[in-house]
Amino acid sequence: MLVIHEANPAYALPDGEKVRKALKDIPFKVSFSTFFDETAALCDLVIPIGMGLERIDDVVTPYGCGKNIYAVGAPVVDPVVDVRNTGDALLLLAKELGWNLGFEKYSDLLQAKADAAGANFELLVQGQPAENDATAYFGLFTLNMPVLEKAAKYVPNPAKPALALYSKLSLGTAKTGIPPFN
């Protein structure tokens, strides 16, 4: 089974034909999407979700940005059609399967996430992002600095060549807009 959330790899990835062929080999595919796009058309089940302004959601800046920002977008309009967001749909599915994930609503999960990150959820919902300059992303995940320091030990020696590893963060394709973090 494959679950796809707001992505259209059959269109957006560089070799869409290979993606479409790979998708055909997967027995059951589910798409959570705001649009009936090329990938959703190949899925066995399409669950419509609200547009960004119709639902609560959160975002964290990707690794490599100069500042860590955590923000929550609250709905500003009611959904035009009968939809729920992906988080609520998955929590409902878990409940139907008898699994207790500890949250009734997706907004409860985001509240717990904000609390774990040391951010004020009420301010986040009102549009004020939380930010810091630490190497940890608000406690959501951390970089293991002692391991990185051991891996990055470098003693300059002009007689020997050196290799410097880095992450380029190349995101996107020719078919998608260039993310502002590149």
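Here, the structure is the one placed above.
Attention in this report is confined to the structure presented alongside it. Note that the coordinates shown come from a computational prediction; the quantities given were computed from them, not determined experimentally.

## A look at the nonpolar core
Piece 1. Of all hydrophobic cores here, the largest spans eleven residues; its members are Ile56, Tyr70, Val72, Leu91, Tyr106, Leu110, Ala114, Ala119, Phe121, Leu124 and Ala130.
Piece 2. Broken down by secondary-structure element, the contributors of at least two residues to this core are strand S5 (68-73), helix H5 (106-116) and helix H6 (121-125).
Piece 3. In contact with Phe121, other than residues within four places in its own chain, are Ile56, Val72, Ser107, Leu110, Gln111 and Ala114.
Piece 4. Counting residues in hydrophobic clusters, the runner-up holds five residues, among them Ile4, Ala10, Val19 and Cys43.

## Focus: a nonpolar patch on the surface
Piece 1. On the surface, a nonpolar cluster with roughly 530 Å² of combined accessible area is contributed by Leu90, Leu93, Leu97, Trp99 and Leu101.
Piece 2. Among the structural elements, Trp99 can be located in the loop between helix H4 (86-96) and H5.

## Structural notes on helix H2 (residues 16-24)
Piece 1. Among the residues of H2, Gly16, Val19 and Leu23 are the ones counted as buried. Each buried residue of H2 lies within a common arc of 60 degrees when the element is viewed along its axis, so the set occupies one face. Across H2 from its buried face, at more than 90 degrees, point the exposed residues Glu17, Lys18, Lys21 and Lys24.

## Describing H4
Piece 1. Of all the residues in H4, the buried ones are Thr86, Gly87, Ala89, Leu91 and Ala94.
Piece 2. Those residues of H4 that are buried lie in contact with strand S1 (2-5), strand S2 (29-33) and H5.
Piece 3. Sitting at the head of H4, Asn85 places a side-chain oxygen 3.1 Å from the backbone nitrogen of Gly87.
Piece 4. Where H4 ends, the next residue or the one after it, Gly98, has phi of about 85 degrees, a positive value.

## Here we look at the sheet that holds S5
Note: strands within a sheet are paired through backbone hydrogen bonds, in either parallel or antiparallel orientation.
Piece 1. The antiparallel open sheet is built from three strands, whose spatial order is S4-S5-S6. Looking along the sheet, the strands with just one partner apiece sit at the ends: strand S4 (57-60) and strand S6 (130-132). Here the strands of the sheet are splayed against their neighbours by 10 degrees on average, with no regard to which way each runs.
Piece 2. Of the strand pairs in this sheet, S4 and S5 are connected by four bridges, and their pairing is antiparallel. Of the residues in S5, the one forming a bridge with Val59 is Ala71.
Piece 3. Those strands touched by H5 are S4 and S5, and its axis lies near 30 degrees from that of S4.

Cut-off values and rules
- Residues numbered from 1 in each chain as written.
- Predicted model: local features only at pLDDT ≥ 70, side-chain atom pairs only at ≥ 80, totals over all residues.
- Heavy atoms only, no water.
- Core = buried A, V, L, I, M, F, W, Y, C linked by side-chain atoms within 4.5 Å.
- Buried < 20%, exposed > 50% of the residue type's maximum accessible area, 1.4 Å probe, protein only.
- Helix = DSSP H or I, 4+ residues; strand = E, 2+ residues; numbered from the N terminus.
- Contact = heavy atoms within 4.5 Å.
- Patch = residues over 30% accessible without salt bridge, like charges linked within 9 Å, V, L, I, M, F, W, Y side chains within 5 Å.
- Areas by Shrake-Rupley, 256 points an atom, 1.4 Å probe, with all protein chains shown as cover.
- Salt bridge = Lys/Arg side-chain N within 4 Å of Asp/Glu carboxyl O.
- Arc of directions from axis to C-beta.
- Polar contact = N/O pair within 3.5 Å; in protein donor to acceptor, adjacent residues only side chain to side chain.
- Pairing = 2+ DSSP bridges.
- Axes fitted to C-alpha atoms, helices over the stretch in contact; angles between N-to-C directions.

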